[in-house]
Amino acid sequence: MIPLLKVKNLSVKYGVIPALQDISIEVKTGQIVSLIGANGAGKTTTLKTIMGILKPVNGSIVYRDEDITRMPTPQRVRKEICLVPEGRGIFNRLTVRENLFLGAYHRSDEQEINSDLEKSYSLFPRLKERENQIAGTLSGGEQQMLAIGRGLMSRPKLMLLDEPSLGLAPLVVRELYELIQEILKQGVTILLVEQNATMAIRVSNYVYLIETGNVKLEGIPKEIESLEDVRKVYLGG
Amino acid sequence: MFSLGYVLQQTMNGVILGCIYSLLALGMTVVYGILRLINFAHGALITLGAFFVYFVSISYGFPFIAGIFLVIGFGSLMGLVLDIVAYRKLRGGPEVALLITSIGFYTFIENFLKLIVSPQPYAFKTPDYLNILYRTQLLTFRSIDLFIIVSSIAIMIAFSLFIKKSKMGIAMRATAENLEVANMMGIEINKVISVAFVLGSAIAAFTGFFWGAKYGQISYDMGFLTGVKAFVAVVVGGVGSVPGAMLGGFILGVAEILSVALLPTRFAEYRDGIVFAILILVLLIKPSGIMGVKEEIRV
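Residues numbered from 1 in each chain as written. Chains lettered and ligands numbered in written order. Predicted model: local features only at pLDDT ≥ 70, side-chain atom pairs only at ≥ 80, totals over all residues. Heavy atoms only, no water.

Engineer: Which residues make up the overall build of chain A, and what are the values?
Structural biologist: When helices and strands are tallied, chain A shows 10 helices and 10 strands. Its C-alpha radius of gyration of 17 Å places chain A within 12% of the 18 Å reference for a compact globule of 237 residues. In terms of overall dimensions, chain A has a C-alpha envelope of 45 × 40 × 35 Å along the principal axes. Per-residue burial over chain A gives 53% buried out of 237 residues. Restricting the contact set of chain A to residue pairs at least 6 apart, pairs at least 24 apart contribute 66%. Put simply, chain A shows about 10600 Å² of open surface, and 49% of that area lies on carbon and sulfur atoms. Placing the 30 positive and 28 negative side-chain charges of chain A at their respective mean positions leaves the two points 2 Å apart. (Helix = DSSP H or I, 4+ residues; strand = E, 2+ residues; numbered from the N terminus. Rg over C-alpha atoms; globule rule 2.2 N^0.38 Å. Buried < 20%, exposed > 50% of the residue type's maximum accessible area, 1.4 Å probe, protein only. Contact = heavy atoms within 4.5 Å. Areas by Shrake-Rupley, 256 points an atom, 1.4 Å probe, with all protein chains shown as cover. Lys, Arg positive; Asp, Glu negative; His and termini not counted. Charge placed at Lys NZ, Arg CZ, Asp CG, Glu CD.)

Right under this line is the structure:
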């Protein structure tokens, strides 16, 4: 099967400091692939580069058989890639409804947008209640739901999820992961970045372990979990 | 001490000056919100607009209505040119580079005008239908006064609705809050910024006509202090806030006129100082401005 996304030998620098060195990853349609690794390993950088926010110095990004390495971000959004940023990245001063609406910014099918809006509300009833509230007043969990809901409003084929569980209570994290699997069932392929590796590995089809800008290990969850080193360092024993 | 009629009359003059500040402040506040740029060149637009209407409608004798419509187009074009020529290449660089560039462009435009129109002030004669005198018991005003107030309020309402309700307006607010995430949503940042410049500049150029028609005189340097005061209005109202900019403009206009009208004559020459005193006072009490939100630190 041809992968949906193929990142090959990608290198990114912040000024002169290398952030990614020759990273290669693949994401197949209908799967959840996760990038795990310590803080500062380059996981977020990878997602931002796939989204076109950062420009690589080397390497290529091929998505649905098309080289998108130099494509501007708004065009990538139209190609149905979306990034749910770390720390939610919702617009705090905008209402819940406006946030969701902006997810569909590149679309012009107004009726469909409205029906998608209703769908988001049925998926997240709490957002419906707070529709006209300023997003900054939501709780952490609600903000994460809003960020994901906003991402879904763009009708993505590929969703890049950056640290969705960060700062959330364990119960909310479980809810979140149920949601992620639900999204997958709706036909959205997911590339997940997590520091909380235990949860991420459990739902993934394939795992990459990133260390200092490199892929250190890769494999199916069972293989990764069984490695003594990984267990000690990333899975808490 | 002062009759009610006198105070009302002066307040109305203050409101008219406030309209001018408010309209200028609108364009400044949206541009500042997105780019963190204090756009000094914005003040030049009022001068350019005033001279544009002067040449079209007074020198060449086109009807004033035509002049008004043309100046809106002219202002839009100038806004787009400024955005693309002056600022676009500097984005992503230090904010101070943008600031210096805007001062540079202001100076360039002012000196250019000085060269082509001469340093002498121009008398701005408007047709009779703009100068019909109305007398009521308390107030005396001309038709132009009414025109300024009504059309300013109309512009402000339209602009506020645009920012609040339209797709582009929502995108603008999103971009002002977080440029990177806005880009992730598929918003073309350059387009949003151009729209902000075009709208703000069109309004500023149009305001130039108000200035000429109300005060009867225009000069190559009229935009400087007016632009600075409009920015003071932006800060007083709360940087980045559209209702704040309008409120700040009105506060400044009314305070400036009333300070001249109500204080003893020897204070009249301090009218500009009073404007800045208000700024300092407001910032002491509320550093983020009257309607401002606390600025998060941008990395």
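Engineer: Any chance you could break down the side chain of Gln9 of chain B for me, citing the residues and the numbers?
Structural biologist: Summarising the element assignment, Gln9 of chain B is placed in helix α1 (residues 4–35). Apart from the residues lying within four places of it in its own chain, the contact partners of Gln9 of chain B are Leu138, Leu139 and Thr140 of chain B.

Engineer: Outline the environment of Val16 of chain A, listing residues and values.
Structural biologist: All names here are of chain A. Position of Val16 among the secondary structure elements: in the loop between β1 (5–14) and β2 (17–27). In this structure Val16 comes out as exposed when scored by relative accessible area, which is 73%. Here the alpha-carbon distance between Val16 and Gln195, two residues 179 residues apart in the chain, equals 26 Å.

Engineer: Describe in detail the layout of surface pockets, supporting the description with residues and values.
Structural biologist: Quantified by volume, the second largest pocket comes out at close to 790 Å³. Considering the residues around the second largest pocket, the lining is formed by 31 residues, among which Arg93 of chain A together with Arg173, Gly240, Ser241 and Val242 of chain B are closest to the centre. Take the lining of the second largest pocket: its biggest share by element is five residues, from α1 of chain B. Here the residues of the lining of the second largest pocket sort into 15 nonpolar, nine polar and seven charged. (1 Å grid on protein atoms, 1.4 Å probe; cavity = no way out; pocket = protein on both sides within 12 Å on 5 of 7 lines; lining within 4 Å. Points joined across faces, edges and corners; volume = space filled by probe spheres on them. Nonpolar A, V, L, I, M, F, W, Y, C, P; charged D, E, K, R; others polar.)

Engineer: Tell me what's going on with the interface of chain A and chain B, and back it up with residues and numbers.
Structural biologist: Each partner contributes to the interface: chain A provides 22 residues, whereas chain B provides 20 residues. A per-residue breakdown of the area chain A buries against chain B is headed by Phe91, Arg93 and Tyr105 of chain A, which together make up 35% of the total. Between chain A and chain B we count three salt bridges in total. At the junction of chain A with chain B, the criterion picks out seven residue pairs in polar contact (both at pLDDT 80 or more). Of all elements in the fold, only α1 (43–51), α2 (73–78) and α3 (96–103) of chain A reach the threshold of two or more residues within the side of chain A that touches chain B. Split into classes, the residues belonging to the side of chain A that touches chain B amount to 12 nonpolar, four polar and six charged. (Buried area = accessible area lost by both parts, 1.4 Å probe. Salt bridge = Lys/Arg side-chain N within 4 Å of Asp/Glu carboxyl O. Polar contact = N/O pair within 3.5 Å; in protein donor to acceptor, adjacent residues only side chain to side chain.)

Engineer: Go over the environment of Gly212 of chain B with me, naming the residues and quoting the values.
Structural biologist: Residue and element names in this part refer to chain B. Considering the arrangement of structural elements, one finds Gly212 in helix α8 (residues 189–215). Placed 77 residues apart in sequence, Gly212 and Gly289 show a C-alpha to C-alpha distance of 30 Å. Discounting residues that sit within four places of it in the chain, Gly212 has contacts with Phe124, Gln217 and Ile218.

Engineer: Please set out the domain arrangement of chain A residue by residue, giving values where relevant.
Structural biologist: Residue and element names in this part refer to chain A. You can read the domains of chain A as domain 1 (1–80 + 160–237) and domain 2 (85–155). Distance between the C-alpha centres of domain 1 and domain 2: 23 Å. If you look at the interface, domain 1 gives 16 residues, while domain 2 gives 14 residues. Of the roughly 1300 Å² buried between domain 1 and domain 2, counting both surfaces, carbon and sulfur atoms make up 67%. It is Asp162, Leu168 and Leu179 in domain 1 that bury the most area against domain 2; as a group they hold 27% of the surface buried on that side. (Domains from an automatic or database assignment.)

Engineer: Explain unusual backbone geometry to me, and be specific about the residues and the numbers.
Structural biologist: At Glu80 of chain A, a position not held by glycine, the phi torsion is positive, near 70 degrees. The phi angle at Arg36 of chain B is positive, at roughly 55 degrees, despite the residue not being glycine. Position of Arg36 of chain B among the secondary structure elements: in the loop between α1 and α2 (41–59). Of the residues examined, Arg36 of chain B reaches a relative accessible area of 11% and is grouped as buried.

Engineer: Talk me through empty space enclosed by the protein; I want residue IDs and the actual numbers.
Structural biologist: All names here are of chain A. Scanning the entire structure with this criterion turns up one cavity of 30 Å³ or more. Counted as a void, the largest cavity has a volume near 60 Å³. Here the element with the most residues in the lining of the largest cavity is strand β6 (residues 81–84); it accounts for three residues. Here the residues of the lining of the largest cavity sort into six nonpolar, three polar and one charged.

Engineer: Describe the nonpolar core, and please don't skip the residues or the numbers.
Structural biologist: With 125 residues, the main nonpolar core has Leu5, Leu160 and Leu191 of chain A together with Ile187, Phe209 and Ile218 of chain B as its most contacted residues. At 16 residues, the largest contribution of residues to this core is made by α1 of chain B. Of the residues that make up this core, three or more belong to each of domain 1 (1–80 + 160–237) and domain 2 (85–155) of chain A. Other than its neighbours up to four places away in sequence, Leu5 of chain A contacts Ile25, Glu26, Val27, Ile50, Ile61, Val62, Tyr63, Leu158 and Leu191 of chain A. Membership of the second largest hydrophobic core comes to 44 residues, among which are Leu127, Ala147, Leu168 and Val173 of chain A. (Core = buried A, V, L, I, M, F, W, Y, C linked by side-chain atoms within 4.5 Å.)

Engineer: Please give an account of the packing of aromatic side chains that cites residues and values.
Structural biologist: Residue and element names in this part refer to chain B. The full count for this structure, using the stated rule, is 23 aromatic pairs over all chains. Taken together, a centroid distance of 6.3 Å and an interplanar angle of 80 degrees make the contact between Phe147 and Phe209 edge-to-face. With Phe147 in helix α5 (residues 143–165) and Phe209 in helix α8, this pair connects stretches of sequence that are 62 residues apart. Take Phe209: its relative accessible area is 0%, and that puts it in the buried class. Plain terms: the ring middles of Phe159 and Phe162 are 6.4 Å apart, the flat faces sit at 45 degrees to each other, and that makes the pair tilted. Remark: Phe162 and Phe159 occur in helix α5; sequence separation between them is three residues, near one turn of the helix. Classification of Phe159 as buried rests on a relative accessible area of 5%. (Phe/Tyr/Trp six-rings, centres within 6.5 Å; stacked < 30°, edge-to-face > 60°.)

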